[in-house]
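Residue-level structural notes
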Amino acid sequence: MDEKALSTLTPEQTSVIPAIVQQMMGPLVEAMAKLLENNTAALQQLSAAQQVQNDRLEALERQIRLNTPVTRQQVRYLSAAMKEHTLELLDKSSVSDPKAVRKLAGIIKKDVLADYGITTLEEIPKHEYNVAMHNIKTWNNMRIVREVVKEARKREEEAAEAALADAEPATG
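First, a word on what this report is: a plain description of the structure on this page. (Residues numbered from 1 in each chain as written. Predicted model: local features only at pLDDT ≥ 70, side-chain atom pairs only at ≥ 80, totals over all residues. Heavy atoms only, no water.)

Thoughts on the overall build of the protein
To keep things clear, this is the line we draw: Segments assigned H or I by DSSP are reported as helices when at least four residues long, segments assigned E as strands when at least two residues long, and all are numbered from the N terminus. Our radius of gyration is a C-alpha quantity, and the globule rule it is checked against amounts to 2.2 Å times the number of residues to the power 0.38. For every residue, the accessible area (1.4 Å probe, protein chains only) is compared with the maximum for its type, and the residue is labelled buried under 20%, exposed over 50%, or partly exposed between those bounds. Every residue pair with non-hydrogen atoms within 4.5 Å of one another is taken to be in contact. Here the Shrake-Rupley method, with its probe set to 1.4 Å, supplies the accessible areas, and only the displayed protein chains count as covering residues. Working convention for charge: Lys and Arg count positive, Asp and Glu count negative, and His plus the chain ends are omitted. Taken as the charge location is NZ of Lys, CZ of Arg, CG of Asp or CD of Glu.
A tally of helices and strands in the protein yields 6 helices and 0 strands. Taken from N to C terminus, the helices and strands of the protein fall in the order α-α-α-α-α-α. Over its C-alpha trace the protein gives a radius of gyration of 42 Å, far above what one expects of a compact globule, namely 16 Å for 172 residues. With the C-alpha coordinates of the protein rotated into their principal frame, the extents come out at 150 × 25 × 25 Å. Relative to its 172 residues, the protein shows a buried fraction of 19%. Pairs at least 24 residues apart make up 70% of the contacts formed inside the protein by residues separated by at least 6 positions. Element-wise, carbon and sulfur atoms account for 57% of the exposed surface of the protein, whose accessible area totals about 13,200 Å². Across the protein, 22 positive and 25 negative side-chain charges occur, with their mean positions spaced 7 Å apart.

Now the structure itself:
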């Protein structure tokens, strides 16, 4: 029946229908558009706030990572690696003087600590442990090694001369 009612409308009446529909639906569409616009703005604000929070958390995690020092066990491993590398370097020159080992290990330690600008192994950041271990194992300053070897041999000669001097009066 409605179809017949629409078909009985005059052309003037049918031309007025779109205007009536627009009048009725216009405010509704405008309200929906405004609502969507407000929702979009709110979502953008939430997204910006979330990004700020993510940036702060990332900075905090980075700071925690930088401030977390190596463990005591890792310090022992670093020290053992220094001594082992020292023994390897001195063994190439056939030197086993304990004083030379201590001196060269101390120099290696000083160089590693200088890389980080710190004063003790305990201050090395935990995330830098592998880098510090690599620096120890690859440390190679032949000028310093030669100086330590030279000092060790000089001490060895002096000890031999002193032993010889002590032995001469007993035999003489």
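A look at helix H4 (residues 98-116)
Two residues of an α-helix separated by three or four positions point the same way, owing to the 3.6 residues in each turn. Let me state the cut-off plainly: For a helix, the expected span equals 1.5 Å multiplied by the residue count minus one.
Along its 19 residues, H4 runs 27 Å from first to last C-alpha, staying within 8% of the 27 Å computed at 1.5 Å per residue. Taken together, the buried positions of H4 are occupied by Ala100, Val101, Leu104, Ala105, Ile107, Ile108, Val112 and Leu113. The first or second residue beyond H4 is Gly117, which carries a positive phi of 70 degrees.

Observations regarding the packing of H4 against helix H5 (residues 129-138)
Threshold: For helices, the axis comes from a line fit to the C-alpha atoms of the stretch in contact; other axes are also lines fit to C-alpha atoms, and the angle between any two N-to-C directions lies between 0 and 180 degrees. Just so you know how the angles are binned, under 35 degrees is roughly parallel, over 145 roughly antiparallel, 65 to 115 roughly perpendicular, and the rest oblique. Two helices cross in a left-handed way if the nearer one is turned anticlockwise from the farther one by less than a right angle. They cross in a right-handed way if the turn is clockwise. Basically, the charged four are Asp, Glu, Lys and Arg, the nonpolar ten are Ala, Val, Leu, Ile, Met, Phe, Trp, Tyr, Cys and Pro, and anything else, Gly included, counts as polar.
Where H4 meets H5, the closest approach of the two axes is 10 Å, and the angle between their N-to-C directions is 140 degrees. With respect to each other, H4 and H5 are oriented oblique. Considering how the two elements wind past one another, H4 and H5 form a crossing that is right-handed. Across the interface between the two elements, Ile108, Val112, Asp115 and Tyr116 of H4 pack against Val131, Ala132, Asn135 and Ile136 of H5. Within the contact of H4 with H5, the residues separate by chemical class into 6 nonpolar, 1 polar and 1 charged.

Describing the nonpolar core
The criterion, for reference: Only buried residues count toward a nonpolar core, which is a set of Ala, Val, Leu, Ile, Met, Phe, Trp, Tyr and Cys residues joined through side-chain atoms within 4.5 Å.
Ranked by internal contacts, the top residues of the largest apolar core, which has 28 residues, are Leu78, Leu90, Leu104, Ile108, Ile124 and Trp139. Among the elements of the structure, helix H3 (72-91), H4, H5 and helix H6 (142-171) are those that each provide at least two residues to this core. What Leu90 contacts, discounting residues up to four positions off in sequence, is Val95, Ala100, Val101, Leu104, Val148 and Val149.

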